[in-house]
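A structural walkthrough
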Amino acid sequence: MRFVMTQDWFSTLVRGLVKAVLVSGLVAATVQAQVTPAAPDTLSAVQAHELAQAGAVTLIDIRQPEEWRQTGVAQGVKRVSMHQPGGGQAFAQAIFDAAGKDLDAPIVLICRTGSRTSRLVPLLKEMGFTNVVDVPEGMLGSRAGPGWIARGLPVDPCKNC
């Protein structure tokens, strides 16, 4: 079954994260390394790679496992497919977990061409994440740039995804 993203999906995602945070009683921790609020909402693949290598951000690939297997994944990335079996709530919880259960943690999202991440960044900010940016050129490139792979940035195979 293929998941189709609709406006209802986004609403479910928002409600799911708010519910997960409230039910779990989770409180955001202090930011240790941050993309400041004045920072842009986007980074180039090179900038994302440098920040991830320095440990300054959590880089998250939101594509599907099939896409990870086809191209590999950015070195050091955490894989959180936006197509979670539990729907929007499970996706939001997975992002929260990947960010160390910290709504203020600096998060950089990457997908295939930046289309999905550009829609998710504002949504995650509405849900309370304060330091989320995207890589609009994605893994394969877009109008924003050639992409992670074409730039020759390190990619790890993802055979068991």
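To keep things clear, this report deals only with the structure shown in the data block. Since we're looking at a predicted model, the values are computed, not measured. Throughout this document, residue positions are counted from 1 along each chain, in the order its sequence is written. Selection of residues for local features in this predicted model requires a pLDDT of at least 70, selection of side-chain atom pairs for listing and counting requires 80 or more, and totals for whole chains, interfaces and linings are taken over all residues. To get the side-chain values, all heavy atoms of the structure are used, and hydrogens and water are removed first.

So, on to the pattern of salt bridges. Here a salt bridge means any side-chain nitrogen of Lys or Arg lying within 4 Å of a carboxyl oxygen belonging to Asp or Glu. All chains considered together, the criterion is met by 6 salt bridges. Where Arg151 meets Glu137, a salt bridge forms, and the shortest distance between an N and an O atom there is 2.6 Å. Of this pair, Arg151 sits in the loop between strand 5 (132-134) and strand 6 (155-156) while Glu137 sits in the loop between strand 5 and strand 6, and the two are 14 residues apart along the sequence. Helical segments are the DSSP runs of H or I of at least four residues, strand segments are the runs of E of at least two, and each set is numbered from the N terminus.

The next subject is helix 2 (residues 45-53). Here the term buried applies to any residue with accessible area under 20% of the maximum for its type, exposed to any over 50%, and partly exposed to those in between, with areas from a 1.4 Å probe on protein chains only. Of the positions making up helix 2, those classed as buried are Ala45, Ala48, His49 and Ala52. For helix 2, the angular spread of the buried residues around the axis is 100°, confining them to a single face. Two residues form a contact once any of their heavy atoms are found within 4.5 Å. Tucked into the core, helix 2 has its buried residues touching strand 1 (58-61) and strand 4 (107-110). Directly after helix 2, the chain includes Gly55, whose backbone phi takes a positive value near 80°. The directions from the helix axis to the C-beta atoms form the arc being described.

Remark on secondary structure: sheet strands pair via backbone hydrogen bonds, oriented parallel or antiparallel. One bridge is not enough; two strands pair if DSSP finds at least two bridges between them. Here 4 strands make up an open sheet; going across it, the order is 3-1-4-5 and the pairing parallel. Edge positions in the sheet fall to strand 3 (78-79) and strand 5, since each of these pairs with one other strand and no more. With 4 bridges joining them, strand 1 and strand 4 adopt parallel strand pairing. What sits directly across from Ile60, in strand 4, is Leu109. Between N-to-C directions, angles span 0 to 180 degrees; the directions come from axes that are lines fitted to C-alpha atoms, helices contributing only their stretch in contact. Seen against the sheet, helix 4 (residues 87-98) touches strand 1, strand 3 and strand 4 and runs at an angle of roughly 150° to strand 1. Contacts from helix 5 (residues 115-126) reach strand 4 and strand 5, with the element oriented near 170° to strand 5.

Of the two faces of strand 4, the one carrying Ile107 and Leu109 and the one carrying Val108 and Ile110 are both buried. For strand 4 and strand 5, the ladder comprises 3 bridges, and the chain directions are parallel. The partner of Val108 across the bridge, within strand 5, is Val133. When the strands point away from the viewer, a crossover counts as right-handed if the route from the first strand across the helix to the second turns clockwise. What joins strand 4 to strand 5 is helix 5, and the crossover it makes is right-handed.

For the rest of this paragraph, the subject is the packing of aromatic side chains. Working definition: rings of Phe, Tyr and Trp (its six-membered ring) pair if their centres are within 6.5 Å, and the pair is stacked with planes under 30 degrees apart, edge-to-face with planes over 60 apart, and tilted otherwise. Counted under the stated rule, the structure contains 1 aromatic pair. Ring geometry for Phe96 and Phe129: centres 6.3 Å apart, planes at 75°, overall edge-to-face. Of this pair, Phe96 sits in helix 4 while Phe129 sits in the loop between helix 5 and strand 5; the two residues are 33 residues apart in sequence, bridging distant segments of the chain. Residue Phe129 is classed as buried on the basis of its relative accessible area of 1%.

Nonpolar side chains (Val, Leu, Ile, Met, Phe, Trp, Tyr) are joined into patches within 5 Å and like charges within 9 Å, using only residues with over 30% relative accessible area and no salt bridge. To be clear on the numbers: accessible area is Shrake-Rupley with a 1.4 Å probe, and residue cover counts the displayed protein chains and nothing else. Together, Leu140, Ile149 and Val155 line one region of the surface with nonpolar side chains, adding up to about 200 Å² of accessible area. Within the secondary structure, Leu140 sits in the loop between strand 5 and strand 6.

Fair warning: the whole summary comes from geometry, so function is off the table for now.
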